[in-house]
Amino acid sequence: MIRDHRRLRLIQLCLLLLIVGSSVGVARWWAGQRALTQLAGQADEQLQLRAQSLQRLIDRYRVLPDVLALDPELRQALSGPSSRIDAHALDLKLEQANGATHTSTLTLIDRNGIAVAANNWRETSSNVGLDYSFRPYFQEAMAQGRGTFYALGVSTNVAGYFIARALRDEHAQRIGVIVVKITLDALQSEWSHSDDTLLLSDAQDVVFLANRDGWAYRSLRPLAAAELARLVATRQYGNQRLLPVRYRLGQTLVDGSREVTLSDPVIPHGVLWRSLPLPAQRWTLHSLSSMQPVVAARRVATLATLGAWLPLILLGMFLQQRWRLARVRQQSREELERMVTHYTTALQSAQDGLVDAARQASQGRNSNLEHLPQGVSVVDAQLRLVAWNRRYAQIFGFPPELLQAGRPIEDLFRYNARRGLLGPGNLEEAIQRRLDYLRRGGPHMYEREYPDGSVLEIRGNPLPDGGFVTSYADITAYKSAARDLRTLTSTLEKRIEESTQDLRKAKADAERANRYKTRFVAAAVHDLMQPLNAARLFAGALRQHLSSDDQHQLLERVEQALHAQDGLLTSMLDISRLEAGVLQPTITSFALAPLLQSLARQFGIVAQERSLQLDLVDTRSWVRSDALLLRRILQNFLSNAMHYTPQGRVLLGCRRAGGMLRIEVWDTGVGIAENKRVAIFEEFHRLDSGLDRDDRSAGLGLSIVERIARLLGHDIGLQSWPGRGSVFSVAVPLAPAQRQPQSATPVRDDDSLLMGRHVWCIDDNQQAREGTVALLQSWGCRVTSMASEAEALAWRSPAPDIVLLDYQLGTSIGPDMLPALYQQWGSEPPVIVITAQRDEDTRQKIIQAGLHFMAKPVQPARLRALMSRLLLAASS
């Protein structure tokens, strides 16, 4: 019966899964077909537009060879012997014609296929004098009057579409060909904005134009031997190797569109491949649209169908559960009734047996009591002991002379009372209470623990003809086990609570130590920045007074050392802020190109100094990240590339990978061994590259990169080939492109604005203050310097032109004194707040207060530029 029930349940479950699976499959198929139809329609519209654009481009130049073929000068030149051709005049004529039409090349070919004139006659790659008789466009034009052909140029190796028209003499004989070559660069540039992959293939299904890398000069099908021979004979694609496109064909739609999975070139998702023939050129235009909308539609249909089935299934399960619960309750009720009846009967039987044994014992037959596991005593109506068993005597340890038939039970109670077995309190009251139980003849049950630790369960029942029977069961073992279990539970709970408290304390101690460490590092860096800032300022002022090259070279060495120390302190501060979690990213969507261009300009100077070539591959992509932190990652990548590349090239660019953009830095440096590619991301770890440079880093850059990337949720990638170079990358989410606001015209920085200007310098560090004063005076400024807030407030003078204010003035905050100074001056001159605290909170506080932020150590050029800009803005 149970097996049949299980089989029925299994059949019902399989049937339900079959119905749900079928409905999901139908919904997926319908949604997928609908999405495919929409995608195919969109692709068809795009193909039609692209084809029209291509045809317009070709039609624009198609009439040119027809016009030139009628030119009498060209016809006359080809009609006579080749020795009489004025090639220079023809070159100038074609050059003038090309200047008006802006084609790629114009070439005049005689009847033997030799180019006698061309517009590019001035260039080393000129067509003049080359034999083009093997080209199909020449052969078709000489045979049919017209000819077209797409190929790589023989002399220029630049691909283009050739349109040829035959020239005729006065007898209508074909005497040569005029050829126009059109490059399709404008078309390819227009295609680059498309999200789809666009391909243009020739009659042999060889792709010659595409908007994605890796597609040009690939064959869409295997080429026959004759076709390969024709390509070689016509030199259509020069020495280009024609690689096959490898794909797996899926579903084919009614309109001819195909679902395709590509393996070479790799496209990570399936595509819908749609083709449009172009009969005029014998070309085919292809569109490869991502199947992601179809996959999304199928996924939504699946979820929607499952979502529709889920309430029904839950309702069915709920009703079934209710029905089963009702059945279980009914069965439980019936089973409980049977159990109650059974145990009541069994208890009654046991009770009757005990009472019967007690009645028989009262009549002198004690043998029926001896088989009972409990201790049993029987008294008559006069409360005299009439029967007992050995277990009763063992439990209480009664002496044999005390256990006599006819002895009052009160004597036994008094014997136990003297031994302390009746508990604390008045003994007479305890004895009397037990005698009253027996006299009333009511049933009772209770547990009693004795001084020796044993626990008895005591049950009493009256006899039918008067008297009372009492049973004593030893439940000490059960009670001890329960007590041990409670003790163990309490001990475990206490230990868990103690461990939890220890963990909490350890965590709090660790967090407190981390905060102390962060504050210590920040304070130490701040104090170290003060003399470093002063040294930078003194070096900037000293530059104005040096004359010899040796002195300037020595000063540059000093500034390099200061710069390296600045980088080390900044890195230490960044690591402490990252570990403490005080650095919070500001995630926005922004165009990536300005950031990469800025980095290229910044490191281009470094590359030039080291005789390296730095190349940037521009991009129109937008990404979603923290621009400042992402810049820091890329700066470290570029810095490492420059440092570990003794000669060669560094490349900065990016490539798409699904919904991510991978920004990569390639170099041709020393490379990284396999066993060191993890260690380089640890603090103070540097590669032993064998390079001897003054600007060796402290080995913190990649450690900072790893922490920033973890904070931003970006993946860091590394590939390296020892002795050949490395590539570091960071994967950033792509963002939709937005309209960029036009940037304002930069203000011209004019050093003459500083001449004679009155500048207040407020800094509590004497070295930094003196260095700043020396630098400002070298620029022609009049400087008033103060060391504290009290000194600044006590100084009575008109408002200065600009204020340089240290953020941390001893125990006070520098900007807090500004309201009092503004009131004293009656105006608000520009204020530049200089601080060694580089965290974003401090920066935002300063900017929100309408002040200008500058981090220590101060770079003289940056300070001079900012002061000039503020003074120019104040005077305008």
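Summary of the structure given here. (Residues numbered from 1 in each chain as written. Predicted model: local features only at pLDDT ≥ 70, side-chain atom pairs only at ≥ 80, totals over all residues. Heavy atoms only, no water.)

**Comments concerning the sheet that holds strand β10 (residues 246-252)**
- Taken in spatial order, the eight strands make up an open sheet running β9-β8-β7-β6-β13-β12-β11-β10, and their pairing is mixed. Whereas interior strands pair on both sides, the edge strands pair on one side only; in this sheet they are β9 (243-244) and β10.
- Two elements, strand β6 (residues 197-201) and strand β13 (residues 283-290), share five bridges in a ladder whose sense is antiparallel. Residue pairing for β13: leucine 198 is matched across the bridge by serine 287. (Pairing = 2+ DSSP bridges. Helix = DSSP H or I, 4+ residues; strand = E, 2+ residues; numbered from the N terminus.)

**So, unusual backbone geometry**
- Of note, the amide linkage connecting aspartate 264 to proline 265 takes the cis form, showing an omega dihedral of 0°.
- Within the chain, asparagine 157 stands out as a residue other than glycine whose phi angle is a positive 60°.
- Along the chain, asparagine 157 turns up in the loop between β3 (146-152) and β4 (159-168).
- Non-glycine residue leucine 383 carries a positive phi angle of around 60°.
- Following the sequence through the fold, leucine 383 ends up in the loop between β14 (375-379) and β15 (385-388).

**Brief notes about a nonpolar patch on the surface**
- A cluster of nonpolar side chains, namely Leu10, Leu13, Leu16 and Leu17, defines an oily patch on the protein surface of about 370 Å² accessible area.
- Tracing the sequence through the fold places leucine 17 in helix α1 (residues 2-69).
- On the basis of relative accessibility, which here comes to 56%, the residue leucine 17 falls in the exposed class. (Patch = residues over 30% accessible without salt bridge, like charges linked within 9 Å, V, L, I, M, F, W, Y side chains within 5 Å. Areas by Shrake-Rupley, 256 points an atom, 1.4 Å probe, with all protein chains shown as cover. Salt bridge = Lys/Arg side-chain N within 4 Å of Asp/Glu carboxyl O. Buried < 20%, exposed > 50% of the residue type's maximum accessible area, 1.4 Å probe, protein only.)

**A short note on the pattern of salt bridges**
- Enumeration according to the criterion identifies 25 salt bridges in this entry.
- Here arginine 274 makes a salt bridge to aspartate 44, at a shortest N to O gap of 3.3 Å. Taken together, the positions of arginine 274 in strand β12 (residues 271-278) and aspartate 44 in helix α1 put the pair 230 residues apart, joining distant regions of the chain.
- The partner of aspartate 59 in a salt bridge is arginine 62, and the shortest N-O contact between them spans 3.5 Å. Here the residue aspartate 59 and the residue arginine 62 both occupy positions in helix α1, the gap between them amounting to three residues, near one helical turn.
- A relative accessible area of 27% means that arginine 62 is categorised as partly exposed.
- The network of salt bridges with common partners includes Asp66, Arg146 and Arg165.

Purely spatial values, then, with no claim about function.
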